[in-house]
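# Residue-level structure breakdown
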Protein chains: 2
Amino acid sequence: YIYIYSHHKDGSPACPLPVSPAAERLRYILGEEDELPTPTLFTEMDTLQQDGDELEWKETARWVKFEEKVEEGGERWSKPHVSTLSLHSLFELRTCLQTGAVLLDLEGYSLPQIVGGSQSESGGLGMGLGLRENISFVLLRKHRHQTKRTKHRSPADVGKTGGAASEERTHTHAHTRTHTRHAQSQSMNDIGDTPSSDQLKNKFMKKIPRDAEASNVLVGEVDFLDKPFVAFVRLAQATTLGGLTEVPVPTRWGPQPASYHPVSCHVICVLFSDVAYKARDRDDLIAGIDEFLDEVIVLPPGEWDPKIRIEPPKKVTPADKRKSVLSLNELGQMNGKAGAGGGLSEDEEMPAPHEMGEELAFTGRFCGGLYLDIKRKLPWVFSDFYEGFHLQSISAVLFIYLGCITNAITFGGLLGDATDNYQGVMESFLGTALAGTVFCLFSGQPLIILSSTGPILIFEKLLYEFSKSNGIDYMELRLWIGIHSCLQCFVLVATDASYIIRYMTRFTEEGFSSLISFIFISDAIKKMAGSFKYYPINTAFRPDYVTAYKCECLAPDPSESPCPEGGVCVNVTDLDWSQLSKKECLTYGGSLQGTSCKFVPDLALMSFILFFGTYSMTVSLKKFKFSRYFPTKLRKLISDFSIFMSIMTFVGLDMLMGLKTPKLIVPTELRPTRPDRGWLVMPFAKNPWWVYVASFVPALLVTILIFMDQQISAVIVNRKENKLKKGCGYHLDLFWVGVLMAVCSFLGLPWYVAATVISIAHIDSLKMESESSAPGEQPQFLGVREQRLTGILVFVLTGVSIFLAPILQYIPMPVLYGVFLYMGVASLSGIQFWDRMKLYMMPSKHQPDFAYLRHVPLRRVHLFTLVQVICLAVLWTLKSTFLAIIFPIMILGLMVVRKLLDMVFSQHDLAWIDDVLPVKEKKKKSKDEDKKKKGKEKRKDKKKTDDLDDEVRNAGVCCPPLVIRSMTWIIPV
Amino acid sequence: YIYIYSHHKDGSPACPLPVSPAAERLRYILGEEDELPTPTLFTEMDTLQQDGDELEWKETARWVKFEEKVEEGGERWSKPHVSTLSLHSLFELRTCLQTGAVLLDLEGYSLPQIVGGSQSESGGLGMGLGLRENISFVLLRKHRHQTKRTKHRSPADVGKTGGAASEERTHTHAHTRTHTRHAQSQSMNDIGDTPSSDQLKNKFMKKIPRDAEASNVLVGEVDFLDKPFVAFVRLAQATTLGGLTEVPVPTRWGPQPASYHPVSCHVICVLFSDVAYKARDRDDLIAGIDEFLDEVIVLPPGEWDPKIRIEPPKKVTPADKRKSVLSLNELGQMNGKAGAGGGLSEDEEMPAPHEMGEELAFTGRFCGGLYLDIKRKLPWVFSDFYEGFHLQSISAVLFIYLGCITNAITFGGLLGDATDNYQGVMESFLGTALAGTVFCLFSGQPLIILSSTGPILIFEKLLYEFSKSNGIDYMELRLWIGIHSCLQCFVLVATDASYIIRYMTRFTEEGFSSLISFIFISDAIKKMAGSFKYYPINTAFRPDYVTAYKCECLAPDPSESPCPEGGVCVNVTDLDWSQLSKKECLTYGGSLQGTSCKFVPDLALMSFILFFGTYSMTVSLKKFKFSRYFPTKLRKLISDFSIFMSIMTFVGLDMLMGLKTPKLIVPTELRPTRPDRGWLVMPFAKNPWWVYVASFVPALLVTILIFMDQQISAVIVNRKENKLKKGCGYHLDLFWVGVLMAVCSFLGLPWYVAATVISIAHIDSLKMESESSAPGEQPQFLGVREQRLTGILVFVLTGVSIFLAPILQYIPMPVLYGVFLYMGVASLSGIQFWDRMKLYMMPSKHQPDFAYLRHVPLRRVHLFTLVQVICLAVLWTLKSTFLAIIFPIMILGLMVVRKLLDMVFSQHDLAWIDDVLPVKEKKKKSKDEDKKKKGKEKRKDKKKTDDLDDEVRNAGVCCPPLVIRSMTWIIPV
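Residues numbered from 1 in each chain as written. Chains lettered and ligands numbered in written order. Predicted model: local features only at pLDDT ≥ 70, side-chain atom pairs only at ≥ 80, totals over all residues. Heavy atoms only, no water.

### Describing the overall build of chain A
- Scanning chain A for helices and strands turns up 39 helices and 17 strands.
- Expressed as a percentage of its 973 residues, the buried residues of chain A come to 57%.
- A separation of at least 24 residues holds for 81% of the contacts in chain A among residues at least 6 apart in sequence.
- Summed over its atoms, the accessible surface of chain A is roughly 39,700 Å², and 62% of this surface lies on carbon and sulfur atoms. (Helix = DSSP H or I, 4+ residues; strand = E, 2+ residues; numbered from the N terminus. Buried < 20%, exposed > 50% of the residue type's maximum accessible area, 1.4 Å probe, protein only. Contact = heavy atoms within 4.5 Å. Areas by Shrake-Rupley, 256 points an atom, 1.4 Å probe, with all protein chains shown as cover.)

The structure is reproduced here in structure tokens:
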């Protein structure tokens, strides 16, 4: 066997934790300098094979991060998998390194030069001249990569060779002897200095990071060597060596024993790249292997079938961790303790307390928070716009736009009902567009979507009833409430009052967002069920008795009052009553008689099909992202546009059927819904003076309502998991909500506040994932496309919708209810509380491996969940009564309940399931600091990592106090 | 640390393949005797912990096959996972074994005795008396198992200990010193000779095989030892030792270094149980470890996060494989070659050729096959009945029953149409019941379900038309065809003609079963689409104009012919025409007028909801088996009864809605559908004599049709993957099909033949899986509940259904179409051809790791699939024409196509994607035998394994020539 290994020196190490003597040595090597990071290594293994009359090197495996083998028969790359190797081969590698040639920092710019150079240096091994020539000859054979299609094997001979592998090997052997000298110059051609077109065309380049360097492992069996010959070469400079891909080349070649596992070679390259890049001599390399040996993870063969290819882990060990290669013993110890010591060390540790974002710090100065918010957001003014230009934004805009207009129509309709059309669908559209656009332009967190919300609707309803029964002008009263509320918001902003939401933990937040999700779900289902009431089905219908079903309009008795209440007076005999439509008939005072009058065929069932179809198609398309079909990009596109595609499909189906399902009704003219009101509400004249003052009290209620609704949604949006980089601005947000309150009140438009579910959907539709990753590596969540463009577009579109009526009128309402249902279910599915609910139904052995389950007894988890369920049930019940108006205040009640839980649950348990309340946090922090100090004295070398963490933590990242760990995947819209 | 390891000697080894010196030694040990198999080992690891004032042993991990850790915080067992351990700890274990006490075959029946015994023997290690006392004291502490609930931790103190693990450790240490002597006698109580109630109650016992023996590993840290102390004890007899679970106890204890990984201890127990059971002395054990070390699989830490718990592999390495522990080098070599040599050895090997079952051998004697079939089935006569008593049978019967009556009704209806009710639903029910019962009682393969099939239906249709137009009596002609066909079947049986189906490969079989599946799917969808034609929807309906929709019956013009064709003559003026139903109106010659006459509201959409709902609910419930919710048994129950539950749900929904959806119509009286025919068809009198002879020709067609249909289905049922143990009987089956042909012809009932899809559903609903398996181990497919009871019950129920009409009439037809659709889709989903179809849409990196993909280039696979697709398309087209009657003969055409493929594809490729045709098989076989002979000479020691394989192969197992590897999971009904 000939074995060549290539490798280039360049790069820097990391802070090792010294443990063993070998590690000591390594620490010394690696500690030398720290300038450049170790480049990613692309490793290619070629083996020597007989191709017809010629010997050639054929690519058989490659590694970027994980191993991919060439599957000879299938002519394809295997799936990326974790390399497994036998311990035996590792030992042999060690022996080879001890006896073989090790040439570090060889100067060389072409393969022949390197081969020559390495041979002259390794001449000390006592090779004869003939041997040297032979080896160079073999090394300079042509390289064939997997990208080149192999010759088509003739069907006949391949079929017959089955099982005769060993024979073939000897055969090759014999050939080698005969044709050794054949066509030397010819095969040299392909090892040029410039990359071949094949290399440049190779799509695989996309998968390799830009700064990557290559290493080549060449393994072969030749007949002129009587003992294994190994060489390890490291070049001084990374060099592109023609036919060897991007190869800063060679380094180790020589025959080797049969059971030698070439993978181990890669292992040193990649895992020990630090060591290999830095190694001064052979002993350094061997020390590296020894350390590696100490650290490897061993799978007992009886429990594991070595033929199974291990799928790459979902979370790739981060680069820092790889340094722990050098602190293996710590690892071993931990494992050991976890078993031996009952896992005390691992177990009793609390999860890292969540850092408080500076955004919510109490500055103590007048408008201090607001000032900081503006200061934080200013640098992003331009990027907030140009970062919006991306394909993903289109799908996000479409999706959120549909959500917004659905919301606007629904709430518009309800508001119209509640206020006798003082505020109707028209006002709802305009208000949404105005408030949304302004907020997205100037707010601290433009990812938040403003919308009408349930509590406000209920408040308006009660207010209208109150003013109507007391003879107070509703619009004027509302204006004053708006003005007061706006001022109160300013006070809250000026005093940094938002800081109190730091006292909300996951418990409170989950209560709130679950409730909102439930409302979405129940509303969608209620609306759908409404269809069955609105279009009653004649269940008694018998096809055969179709002749018995009719609905006739009977003329009223002329002797009775000819003018029905609310109807139109006509002369009974003037009309052909049987030709009237249902509505006309009733208007003119006629009566309907017949078995089919109160039934509407098909519409209810069709609505149901549209509703359920939209919902389930969206769910399926979302999941399609994880299927095996089609290239990743196409799948991602389908998943991103799933809602849009579902809507289109079912709109199409609806048009095809041609049934009169209820359609979206969009106002077409720009005038107030109620003709007797103008676009501007005047503050004075209609109400007595004391009303202007007294409206302070209801305004207070509205302010609390808005404050809670707004800030909880903001906290959810600003979650740490969303990896927002541009910071947020709770005070700035509240400021603009206040301003918009006043403006909307003057214009007689509804009030707007952050909508949790749509905002989350917005975030989720803008999530970014890493694209070029090593084969087998899972794409990483990088953050959210933070910009103001999508939001602004959504609201401008909402405003323009008034003119889009001809298109929008084809959308059936049940399709939109389906979207609503999807939004509710999707936002629910990622909440930890919901995960814990599911635990009730899972036998413990099937439960997922949640961190808190490892640390908190199941019954405590269940108890905690039960408390949440009870709280939610109470909130739900209250919400259904007139108390809905104080709903946000009930959220404060949740915070009290949470405080009481401190007495039932240990801080340890709460830290895992919920969060620790900030009061205790301060004490803990000082404790932590004490510990940190001690720690620093003990091992200063760990400081760097900590600093790095702190850096990441503080790099302008908005860290709200509430972190819902498992919510990274929520609402994968 | 104290480390105790316990182990019992008993059992036998397997044939090792000697490679290394250590292996040589092991082979010697293990080769000694061969009587008893090594029992399964249950290993428990206890660690010494401080509980209040007392020391106690606390269970922290256990192994049956995989590792389960105690998650201290969560107070639960972790999921079973593959034990990973660091190499370092394995080395330390080796050192410990070299220096510690090794006591083999110790006599001892209680823990104190063992502790005493082991101490006296290990006294040679130079322990002082005090030390000995101390160790016994510690060893005899109370054992606390995970089953006992730990004391509730006070919330306050637990919360504060976060991160202070190391402190606590020292704390425990100090305590140990103080309280060492405390309460010695008290803690002794629990180590009695009898199992405690806790132990007996432990549900975990179910997971441990009956013959299992236990081993205990005790690890602890004490302050009176200044150096590690290890002991390894093996008892001469397995003994139940009270508080140590089921513990044939002790063996190894002693302190150990900190980084020692206790898992490695288990590793020797379980993986080296052969060695550990047989070891004569310390050196044997160490040799075992050395061998183990050589064989372990190593995962590079950089590619794998050691914190990830590795899920147990789906396929557990079989016990034989574990012996390859001793032939690791072979493995290493193979791996090495796979990489280094381009994977030649692994790659070029063909899949094992499929053994031909003796069932299809050509005996050359008269009725030789039939005789063998009867001989094969006779021993199972009784077990065929008593093995049917199982809960699973109920769900199987219900499911298949529903499939059968749906089929009976569908085909009954179609036959009635085709033959002017000479054979209608009534005949279909009776025939199904009669033929099915007889076949299940006497056939060679009672798992096959007889049913009407499409080709027969088409034949009957053509036959009826022919006889009608030529004035030949249909029933008599049919009787003669039946008689001829029956005789022809007898000839086929007598001449062992069934052997020719050996020439059918996967290609042909897949073509056939895909086609049948497509027919099921397309029929279901066609039927459903029919609803929309049968119940047209008035898409122009406007709710407001309900007054305009009516349907009136207009009296015919009295001046015209008063008796309409096919109607009833009435006096026009006698009737109140407006009160007539649609049907009456038309009967009496009236005409319908109005916009709603030709529409039926709601029924079409409701049918669709029922159809699609049944289908998708069944699919979801089937999948529920793999969800995390509810205990496994409940999930299995839900999955088993999924079709039944879906049907019940949607029948319920239908009843709730109360709509007149089309319902199942079951005949209620036992009389022929056509009143002018009797129950018995007379052979003579109605037709001229030459018809009796001439009917031989159509009979030939029917015979071919029946032969192919029957035998292909039989081959699919008798697949190797189904692991049938009672053998099959192709000749016997055909014999009974022939008999039933004649009987049915005499009674004027339809003809019956094996129905592929329902038979597969039958098999799948009777699949058995291993129940008590080690935690983490996947349940193994054990075989099928082979018996005659379910089949008989299904057909008796079908017969009785005539009297079940009052219940069955509630089932809407769309629900049954949904079941049809499910059957088609489910049977399609497991076919390899279908898998390959999917490959077209998958980018190669997402393709599943099918064996053939590793060995055959993707484009060849695609080409093969394309050929199949074209064949299927042609078959489908032909099927839709009058050529449908020669459909089974077209299957023969498929065989010809397959033969031609030999010229396009290499035998190697075909062996992987399809099967090699038996002609070549013979040549290959002789070649193989040659090879085998050589192989035998080379290594006789492998013979045992081969013999075992042969034994399994020949143990009465029915091995049809067609093996569809990936079909184990088809139609998971």
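### A short note on a nonpolar patch on the surface
Residues and elements named next belong to chain A.
- There is a patch of nonpolar side chains on the surface, built from Tyr840, Met841, Leu863, Leu866, Ile870, Val874, Val896, Leu900, Met903 and Val904 and spanning about 900 Å² of accessible area.
- Going through the elements one at a time, α35 (858–879) and α36 (887–904) are the ones with two or more residues in the nonpolar patch.
- Position of methionine 841 relative to the elements: it lies in the loop between α33 (832–839) and α34 (851–855). (Patch = residues over 30% accessible without salt bridge, like charges linked within 9 Å, V, L, I, M, F, W, Y side chains within 5 Å. Salt bridge = Lys/Arg side-chain N within 4 Å of Asp/Glu carboxyl O.)

### What to know about the environment of Thr756(B)
All names here are of chain B.
- Its place among the elements puts threonine 756 in helix α29 (residues 756–765).
- The spatial distance from the C-alpha of threonine 756 to the C-alpha of isoleucine 448 is 8.1 Å, given a sequence separation of 308 residues.
- Residue contacts for threonine 756: discarding those within four places in its chain leaves Phe512, Ile516, Ser713 and Ile716.

### Side note on the packing of aromatic side chains
- In total, this model carries 38 aromatic pairs over all chains according to the counting rule given.
- Both rings, one in Phe608(B) and one in Phe612(B), keep their centres 5.8 Å apart while their planes meet at 10 degrees; by these two values the pair is stacked. Note that Phe608(B) and Phe612(B) are positioned in helix α23 (residues 603–623) at a spacing of 4 residues, about one turn of the helix.
- For Phe608(B), a relative accessible area of 27% corresponds to the partly exposed category.
- Taking relative accessible area as the criterion, Phe612(B) reaches 42% and is therefore assigned partly exposed.
- Connected via pairs of aromatic rings, a cluster forms that spans Phe442(A), Phe490(A), Phe735(A) and Trp736(A).
- In this structure, Arg674(A) is placed above the aromatic ring of Tyr422(A), and the distance from its NZ or CZ to the ring centre is 4.3 Å. (Phe/Tyr/Trp six-rings, centres within 6.5 Å; stacked < 30°, edge-to-face > 60°. Lys NZ or Arg CZ within 6 Å of the ring centre and 35° of its normal.)

### Comments concerning helix α32 (residues 813–829) of chain A
- Between its terminal C-alpha atoms α32(A) stretches 24 Å, which fits the 24 Å expected from 17 residues at 1.5 Å a residue.
- Along α32(A), 15 of the 17 residues are buried, which leaves the element largely enclosed by surrounding structure. (Expected span 1.5 Å × (residues − 1).)

### A word on the environment of Ser581(B)
- Looking at the secondary structure, you find Ser581(B) in the loop between β13 (552–554) and α22 (582–587).
- Using a relative accessible area of 1% as the deciding quantity, one classes Ser581(B) as buried.
- With 74 residues separating them along the chain, Ser581(B) and Met655(B) place their C-alpha atoms 24 Å apart.
- Other than its neighbours up to four places away in sequence, Ser581(B) contacts Asp544(A), Tyr545(A) and Thr547(A).

### Description of the pattern of salt bridges
- Scanning the entire structure with this criterion turns up 30 salt bridges over all chains.
- Linking Asp384(B) and Lys726(B) is a salt bridge whose minimum nitrogen-to-oxygen distance equals 3.0 Å. Of this pair, Asp384(B) sits in helix α16 (residues 383–386) while Lys726(B) sits in the loop between α27 (696–717) and α28 (730–747), and the two are 342 residues apart along the sequence. The exposure classification of Asp384(B) matches that of Lys726(B), with both residues buried.
- Taken together, the shared-partner salt bridges in this structure form one network comprising Asp384(A), Glu387(A), Lys726(A) and Arg788(A).

### As for the state of the cysteines
All names here are of chain A.
- Applying the stated criterion across every chain, the model contains 4 disulfides over all chains.
- In this model, cysteine 551 is linked to cysteine 597 through a disulfide, with the two sulfur atoms separated by 1.9 Å. Across the disulfide from cysteine 551 to cysteine 597, rotation about the S-S bond amounts to roughly 100 degrees, and the bridge is consequently right-handed. Of the two residues, cysteine 551 is situated in the loop between α21 (506–534) and β13 (552–554) and cysteine 597 in the loop between β14 (591–593) and α23 (603–623); the sequence distance between them amounts to 46 residues. Comparing cysteine 551 with cysteine 597, the two get one shared label, buried.
- Residue cysteine 367 stays outside any disulfide, its sulfur separated by 13 Å from that of cysteine 486, the closest cysteine. (Disulfide = S-S within 2.5 Å.)

### Thoughts on the side chain of Thr618(B)
Residues and elements named next belong to chain B.
- Among the secondary structure elements, threonine 618 is positioned in helix α23.
- Take threonine 618: its relative accessible area is 1%, and that puts it in the buried class.
- At a separation of 3.0 Å, a polar atom in the side chain of threonine 618 contacts the side chain of serine 646.
- If sequence neighbours within four positions are ignored, threonine 618 has contacts with Ser642, Ile643, Ser646 and Tyr822. (Polar contact = N/O pair within 3.5 Å; in protein donor to acceptor, adjacent residues only side chain to side chain.)

### Brief notes about the environment of Tyr810(B)
All names here are of chain B.
- Along the chain, tyrosine 810 falls in the loop between α31 (805–808) and α32 (813–829).
- Here the alpha-carbon distance between tyrosine 810 and isoleucine 665, two residues 145 residues apart in the chain, equals 9.2 Å.
- Setting aside its immediate chain neighbours within four residues, tyrosine 810 contacts Val651, Asp654, Met655 and Lys663.

### Observations concerning the confidence of the model for chain A
All names here are of chain A.
- Per-residue confidence for chain A gives a mean pLDDT of 70; residues scoring 70 or more make up 63%.
- In the predicted structure, residues 122–126 sits below a pLDDT of 50 and forms 8 contacts with residues beyond four places in sequence or in another chain.
- In this model residues 920–973 is a low-confidence stretch, pLDDT under 50, and it forms 105 contacts with partners more than four residues away in sequence or in other chains.
- Overall fold confidence (pTM) sits at 0.72, and the ipTM for the predicted complex is 0.71. (pLDDT = per-residue confidence, 0-100.)

### Side note on the pairing of strand β3 (residues 54–63) of chain A
All names here are of chain A.
- Counting buried residues in β3 gives 10 out of 10 residues, a clear majority hidden from the surface.
- Sheet topology places β3 next to strand β4 (residues 67–71); 3 bridges connect them, and they run antiparallel. Bridge pairing links tryptophan 63 to glutamate 67 in β4. (Pairing = 2+ DSSP bridges.)

### Looking at the packing of helix α15 (residues 368–377) of chain B against α28(B)
Residues and elements named next belong to chain B.
- Close contact between α15 and α28 brings their axes to 7 Å; oriented N to C, the two are set at 105 degrees. The orientation of α15 relative to α28 falls into the category roughly perpendicular. Facing Gly369, Leu370, Asp373, Ile374 and Lys377 of α15, the residues of α28 in contact are Tyr730, His731, Leu732 and Phe735.
- By residue class, the composition of the contact of α15 with α28 is 5 nonpolar, 2 polar and 2 charged. (Axes fitted to C-alpha atoms, helices over the stretch in contact; angles between N-to-C directions. Parallel < 35°, antiparallel > 145°, perpendicular 65-115°, else oblique. Nonpolar A, V, L, I, M, F, W, Y, C, P; charged D, E, K, R; others polar.)

### Description of the packing of helix α17 (residues 391–418) of chain A against helix α19 (residues 454–470) of chain A
All names here are of chain A.
- The contact between α17 and α19 brings their axes to 9 Å, and the two run at 15 degrees. Accordingly, the angle class assigned to the pair α17 and α19 is roughly parallel. The chirality of how α17 crosses α19 is right-handed. Contacts between α17 and α19 pair Phe411, Leu414, Leu415 and Ala418 from the former with Gly454, Leu457, Glu460, Lys461 and Tyr464 from the latter.
- The class makeup of the residues in the contact of α17 with α19 is 6 nonpolar, 1 polar and 2 charged. (Left-handed = near helix turned anticlockwise from the far one by under 90°.)

### Let's talk about unusual backbone geometry
Residue and element names in this part refer to chain B.
- Unlike most non-glycine residues, asparagine 421 shows phi in positive territory, near 65 degrees.
- As for its placement among the helices and strands, asparagine 421 is situated in the loop between α17 (391–418) and α18 (425–442).
- Given the relative accessible area of 34%, asparagine 421 is considered partly exposed.
- In this structure, phenylalanine 630 is a non-glycine residue whose phi angle is positive, near 60 degrees.

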